[in-house]
Amino acid sequence: MQMLRWGFRSLCRSRTVGSDAYSLKIFLPVASLGAPLSQIPAEVLSKVRNYREYHFQSSHGLHDIRYQIDQDKIPAAKEPVDPFALVSDELSIIANRLQSMVVSKVPKLASAAEYFFKVGAEGKKFRPTVLLLMASALSMPTPTSIAVEVASSFQKNMRTRQQRVAEITEMIHVASLLHDDVLDGADTRRGIGSLNFVMGNKLAVLAGDFLLSRACVALASLKNTEVVSLLATAVGHLVTGETMQMTTNAEQCHSMEYYLSKSYYKTASLISNSCKAIALLAGQTTEVALHAYSYGRHLGLAFQLIDDVLDFVGTTASLGKGSLSDIRHGIITAPILFAKEEFPELQAVIDKGFDNPANIEAALDYLGKSQGIERTRALAIEHANQAIAAINALPESDSEDVLIFRRALVDLSHMVITRSK
Amino acid sequence: MLRWGFRSLCRSRTGGSDAYSLKIFLPVASLAAPLSQIPAEVRNYREYHFQSSHGLHDIRYQIDQDKISAAKEPVDPFALVSDELSIITNRLQSMVVSEVPKLASAAEYFFKVGAEGKKFRPTVLLLMASALSMPTPNSIAVEVASSFQKNMRTRQQRVAEITEMIHVASLLHDDVLDGADTRRGIGSLNFVMGNKLAVLAGDFLLSRACVALASLKNTEVVSLLATAVGHLVTGETMQMTTNAEQCHSMEYYLSKSYYKTASLISNSCKAIALLAGQTTEVALHAYSYGRNLGLAFQLIDDVLDFVGTTASLGKGSLSDIRHGIITAPILFAKEEFPELQAVIDKGFDSPANVEAALDYLGKSQGIERTRALAIEHANQAIAAINALPESDSEDVLIFRRALVDLSHLVITRSK
């Protein structure tokens, strides 16, 4: 059996003054070429798939997954703090504002509103969570020379502006969901079903426009043209990504590069650009802002890749028990693209299209024989590690709170990998 | 008896060129003069452009000709800026490129030759930019001054491009919302490429407009145009979600017209003024011009939808009423004939009901009062131009005259 490569132990940065940085790296066997799934010992496989159960185990041997936390370097925290819990109060405020805003202006939307905003809730309002954590992770102490009242009012103002970015990001995200769901086709002229079809489309377009326009106005109110530029660029990227997905030609379908590019546009760009905006509003330098951007980008890509995996494996570790909605919609994702590198004949299966369930089975069969799932997970972990590296690259801070929030961002990278839904 | 407009007074100036003054006169119809009793001259307004005639039923045009240097005949406002407009059109095409071919062809659909429309808004904005241009002080070196002016002009052109992008984005979405098949004489984008691509293309244009806005690095300009974007959506929402009570109200209707049509022009005019380095007071005059021009435009649009290119009622496309959109002429008619409300309540799916409404409209002063209101707004637009600070430059005066002529064209156009 082929040897599996292992991750290496990360080095901790040592600091001269103040609290030390922490360091956390996720280790996972990086599968090399051609170790068929069936040849990998069952206990390894189950460990790989059910990653999260191995959070704090220390075990030995080649087939173990090792978690390195330099515990002496993290002040206070004994158990990992739930990143979502850290910002949940602020999040409720944002969520309520969003919901009441759309429904009141587009009254007929009330019945559909639950769906639109529940989707966000199911995702635990992921984007605003990241942004609020990032805001706290980047907060800088005000010089002692400034009076306490002035400093506190300044910080409060800064925080409000950062919350505004979180709202704007969520508005853009929901608007894009609404517009992505607009349907095409000749159904507008048919009989009974057409009313819902037409009204559904119109409300979706109108509600999405409403959210986008509110985002524009809110952006303008920040009076920071660079932030406007970042978020506007993200909107353009969302559209580009969705169009790429809608209009892929045969050649592009094959390309991992095209796929990762589309994933950046569709998923990662909004998070990365809004993280960068948070950093700029925090008064940080361009260099720091780029680290924030990098965190968002890698987190977003990791998120999407795991999403792709979960669509196949679902909540159990068995292949084919996921919802399989991507492949049914003819969307070719990373696991299939990796599998195709090992089994070129899979291309012929893809070309037949996936309207036929038997064809889906055929594709799943190849996928199971290949390293497609494993390599996708490995790539996701690579991105998660790069996200962690970006956090580690942030400037030192003496504040315990700041370190707790940076730790939370690191934990979030981990959760993105280990989640099972 | 019909009341008449009064002769405008010319402003006299001490030094430099004199201001001009141009006012449109039209009988303001009082209550209850039936359409048939109004002379044909009134209904076919545009034929009386330069006639001087006498008597109560005449329309009089006052131009203080000695006050306009150079210009013997009216200059076509569109011709004055046509070269710059070509530059802007080309730039627009390059600003909406995308590496995704489908998106690129969708985004540039209405910027291609033949589909680019009259570019009314950029025309207004470029004329405004020239009308507001200020001389640089003599103390500044010629090269510096010229480079400064050129930079300012480029930024103002950018506003014109941004405004056109926002406008086209809103058209793309409106066509999806209306289920329209055609636009600007060709198939609508949603008809040709599908609803979803039309929606995405609109979003894409909006995002490009915002990036271009941000590049101006002027937060007030960003704010003005963002407000306009918000207003466009508000206006569309008002139109789509009107309840029964709001349908009746002229106030609601004018408010919606401001949001849907006038706000973009007014806010971008104001932006042009700010980029020209003018004071807030001057910027507000520019805003006022845009607002009144936009409202006049919309009101005449409403009239033309009923009367069309001939002066006969019911020969227009009637697309508003068929879509159940109640516009100013009907609202005015309803004030005279409350029973029209019952007709409106029945809805306009039935052509017989459309006929019934047209019948009331014909008996009423609805069309006339709408035209009169449009003229009022056109006059206010002209007043705003007259309120601009004096200028010694002949060019500036020519451009200000062009803006005045534009107000006139908005009223007298027949399509």
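Everything quoted here is computed from the prediction, not taken from an experiment.

When helices and strands are counted, chain B shows 18 helices and 4 strands. Put simply, chain B has 415 residues, and 56% of those count as buried. When the accessible surface of chain B is totalled, it reaches about 18000 Å², and 54% of it is carbon and sulfur.

Residues and elements named next belong to chain A. Under the definition given, this model contains 20 salt bridges over all chains. Between D307 and R419 there is a salt bridge whose closest N-O contact spans 3.3 Å. Of the two residues, D307 sits in helix α11 (residues 286-313) while R419 sits in the segment after α17 (400-418), which places them 112 residues apart along the sequence. The buried category is assigned to R419, whose relative accessible area is 15%. Here R407 ties to D411 by a salt bridge, and the two come within 2.9 Å at their closest N and O atoms.

This part takes up the interface of chain A and chain B. Each side of the interface is counted separately: chain A has 38 residues, and chain B has 35 residues. Here chain A meets chain B over a buried area of about 3200 Å², counting both sides, of which 72% is carbon and sulfur. The interface formed by chain A and chain B contains 1 salt bridge. For E242 of chain A, the salt bridge is made with K196 of chain B, and the minimal N-O distance between the two is 2.8 Å. Our enumeration of links across chain A and chain B arrives at 6 residue pairs in polar contact (both at pLDDT 80 or more). Elements with a minimum of two residues in the side of chain A that touches chain B: α6 (148-180), α7 (193-221) and α8 (225-246) of chain A. Looking at which element gives the most residues to the side of chain A that touches chain B, the answer is α8 of chain A, with 13 residues. Looking at side-chain class alone, the side of chain A that touches chain B contains 18 nonpolar, 11 polar and 9 charged residues.

Once that is clear, we can look at helix α13 (residues 334-342) of chain A. With 7 of 9 residues buried, α13 of chain A is to be regarded as a mostly interior element. Within α13 of chain A, the full set of buried residues consists of A334, P335, I336, L337, F338, A339 and K340 of chain A.

In a soluble, globular protein the nonpolar side chains are often hidden away together inside. Core analysis: the largest hydrophobic core is formed by 232 residues, its most contacted members being Y295 of chain A together with Y289 of chain B. At 14 residues, the largest contribution of residues to this core is made by helix α10 (residues 256-281) of chain A. Each residue touching Y289 of chain B, except ones within four places of it in the same chain, is listed here: V124, M128, A381, A384, I385, L403, L406 and S407 of chain B.

Another aspect to go through is the packing of helix α5 (residues 126-137) of chain A against α10 of chain A. All names here are of chain A. Orientation of α5 relative to α10, taken along the N-to-C sense of each, is 30°, at an axis distance of 9 Å. Judged on the interaxial angle alone, α10 and α5 are roughly parallel. Of the two possible hands of crossing, α5 and α10 adopt the one that is right-handed. Across the interface between the two elements, F126, R127, V130, L131, M134 and A135 from α5 touch L270, I271, S274, C275 and I278 from α10. Partitioning the contact of α5 with α10 into residue classes produces 9 nonpolar, 1 polar and 1 charged.

Residues and elements named next belong to chain B. Between helix α3 (residues 82-95) and helix α6 (residues 142-178), the shortest axis-to-axis distance is 10 Å and the interhelical angle comes to 60°. Judged on the interaxial angle alone, α6 and α3 are oblique. Remark: the crossing between α3 and α6 carries right-handed chirality. For the pair formed by α3 and α6, the contact residues are E84, I88, R91, L92 and M95 on the first element and R153, Q157, R158, A160, E161, E164 and M165 on the second. Among the residues making up the contact of α3 with α6, the classes are represented as 5 nonpolar, 1 polar and 6 charged.

Cut-off values and rules
Residues numbered from 1 in each chain as written. Chains lettered and ligands numbered in written order. Predicted model: local features only at pLDDT ≥ 70, side-chain atom pairs only at ≥ 80, totals over all residues. Heavy atoms only, no water. Helix = DSSP H or I, 4+ residues; strand = E, 2+ residues; numbered from the N terminus. Buried < 20%, exposed > 50% of the residue type's maximum accessible area, 1.4 Å probe, protein only. Areas by Shrake-Rupley, 256 points an atom, 1.4 Å probe, with all protein chains shown as cover. Salt bridge = Lys/Arg side-chain N within 4 Å of Asp/Glu carboxyl O. Contact = heavy atoms within 4.5 Å. Buried area = accessible area lost by both parts, 1.4 Å probe. Polar contact = N/O pair within 3.5 Å; in protein donor to acceptor, adjacent residues only side chain to side chain. Nonpolar A, V, L, I, M, F, W, Y, C, P; charged D, E, K, R; others polar. Core = buried A, V, L, I, M, F, W, Y, C linked by side-chain atoms within 4.5 Å. Axes fitted to C-alpha atoms, helices over the stretch in contact; angles between N-to-C directions. Parallel < 35°, antiparallel > 145°, perpendicular 65-115°, else oblique. Left-handed = near helix turned anticlockwise from the far one by under 90°.

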